[in-house]
Structure formats: C-alpha cells, structure tokens
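# A look at the structure
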Amino acid sequence: MSLHRLARELDETARQSAAMVDGFTEALEILSDSKLNKEPSVRDAILMIITALQGQDRIEQRCHNMALATRQFALLPMAAPESVYDEIWSSLSLDELRVASMSGIAALQNHGDAELF
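## Details of the overall build of the chain
Looking only at helices and strands, the chain has four helices and zero strands in total. Sequence-ordered secondary structure for the chain, helices as α and strands as β, is α-α-α-α. Considering only contacts within the chain whose residues lie at least 6 apart along the sequence, 61% involve residues at least 24 apart. Here the chain displays about 8,200 Å² of accessible surface, and carbon together with sulfur accounts for 58% of that area.

Following this line, the structure appears as structure tokens:
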C-alpha cells in the first residue's frame, strides 16, 4: 500500500468516525431536554455519551495528523535521514504523536472529567 493511499484511508477513517457521532449528538439533545426527568441515571448517560464523543474527536484528530505525516513521508527521498522523519513527527499538533516519549501511551493517561465542547 502506498503512503498516499494510507493517508487517504486514514482520512476516510476520520470522516466515518465523525459521521458516527451524529446519533450521539441527537441522543444528547433528547437527554439534555429540561422537560425530561433528571434522574441520576440520565445524567450518568449524558456524561458517558460526552466522554465517548471526546474519544471520537481525539481519534479523528489522530487520523488527520497521521495522514498529514504520511503525505509528508511520501514526498521524502528514499535516502532521507531519520532526523527528517523525526522532524515531521515533531511538527504534529497532538502531543501523543508529536512527542516520541508519549507514543502509544494515551490509553494509560487520565483524561479528566467529561466536558461538553
């Protein structure tokens, strides 16, 4: 698989992930209606959906960042030094992709309380 195709597939994965969120958004609008009973289970469900939406947003950002890096890798000559690849990684916007020591550890970090964005 060429690097350009990999980048397209990452972009498509991000697009599909974003499209999936529409149902969550509609559910949130219904659940957050002030006319509904505000039982704790409803509030818990709202927080769970918000957390899932934040996770989707993070996945979408990661895909777009990796697609960008992949496109840049595809433009490099075969003999490009490792430092050029490192520079491309370091230019990305997400710390877990940009900072080599954070690579692959996002699942181990505490992401804090859910916030509606």
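## Overview of the packing of aromatic side chains
For the coordinates displayed, the defined rule picks out two aromatic pairs. Ring geometry for Phe73 against Tyr85: centres 5.1 Å apart, planes inclined by 45°, an arrangement best described as tilted. Taken together, the positions of Phe73 in helix α2 (residues 40-75) and Tyr85 in helix α3 (residues 82-90) put the pair 12 residues apart, joining distant regions of the chain. Assessed through its relative accessible area of 23%, Tyr85 is described here as partly exposed. Taken together, the aromatic side chains of Phe73, Tyr85 and Trp89 make up a single cluster linked through ring pairs.

## Here's the deal with the nonpolar core
Core analysis: the biggest nonpolar cluster contains seven residues, these being Val21, Leu28, Val42, Ile46, Ile49, Ile50 and Leu53. For this core, the element with the most residues is α2, which contributes five residues. By size, the runner-up hydrophobic cluster in this structure holds six residues, among which are Ala69, Ile88, Leu94 and Leu97.

## What to know about α2
Here α2 is 36 residues long and its end C-alpha atoms lie 53 Å apart, about the 52 Å a rise of 1.5 Å per residue gives. Among the residues of α2, Val42, Ile46, Ile49, Ile50, Leu53, Gln56, Cys63, Asn65, Ala67, Ala69, Thr70 and Phe73 are the ones counted as buried. Residues of α2 that are buried in the fold lie against α1 (3-31), α3 and α4 (95-98).

## Let's talk about the side chain of Thr70
Mapped onto the elements of the fold, Thr70 is located in helix α2. Of the residues examined, Thr70 reaches a relative accessible area of 6% and is grouped as buried.

## Focus on the packing of α2 against α3
Contact geometry for α2 and α3: axes closest at 10 Å, N-to-C directions at 155°. Taken together, the axes of α2 and α3 lie roughly antiparallel to each other. In the packing of α2 onto α3, the handedness of the crossing is right-handed. On α3, the residues touching Ala69, Gln72 and Phe73 of α2 are Tyr85, Ile88 and Trp89. Of the residues that constitute the contact of α2 with α3, the class distribution is five nonpolar, one polar and no charged.

## Focus: the environment of Ala7
Position of Ala7 among the secondary structure elements: in helix α1. With relative accessibility at 0%, the residue Ala7 sits in the buried group. On a C-alpha basis, the gap between Ala7 and His64 in space is 8.3 Å, while along the polypeptide they are 57 residues apart.

About the criteria used
Residues numbered from 1 in each chain as written. Predicted model: local features only at pLDDT ≥ 70, side-chain atom pairs only at ≥ 80, totals over all residues. Heavy atoms only, no water. Helix = DSSP H or I, 4+ residues; strand = E, 2+ residues; numbered from the N terminus. Contact = heavy atoms within 4.5 Å. Areas by Shrake-Rupley, 256 points an atom, 1.4 Å probe, with all protein chains shown as cover. Phe/Tyr/Trp six-rings, centres within 6.5 Å; stacked < 30°, edge-to-face > 60°. Buried < 20%, exposed > 50% of the residue type's maximum accessible area, 1.4 Å probe, protein only. Core = buried A, V, L, I, M, F, W, Y, C linked by side-chain atoms within 4.5 Å. Expected span 1.5 Å × (residues − 1). Axes fitted to C-alpha atoms, helices over the stretch in contact; angles between N-to-C directions. Parallel < 35°, antiparallel > 145°, perpendicular 65-115°, else oblique. Left-handed = near helix turned anticlockwise from the far one by under 90°. Nonpolar A, V, L, I, M, F, W, Y, C, P; charged D, E, K, R; others polar.

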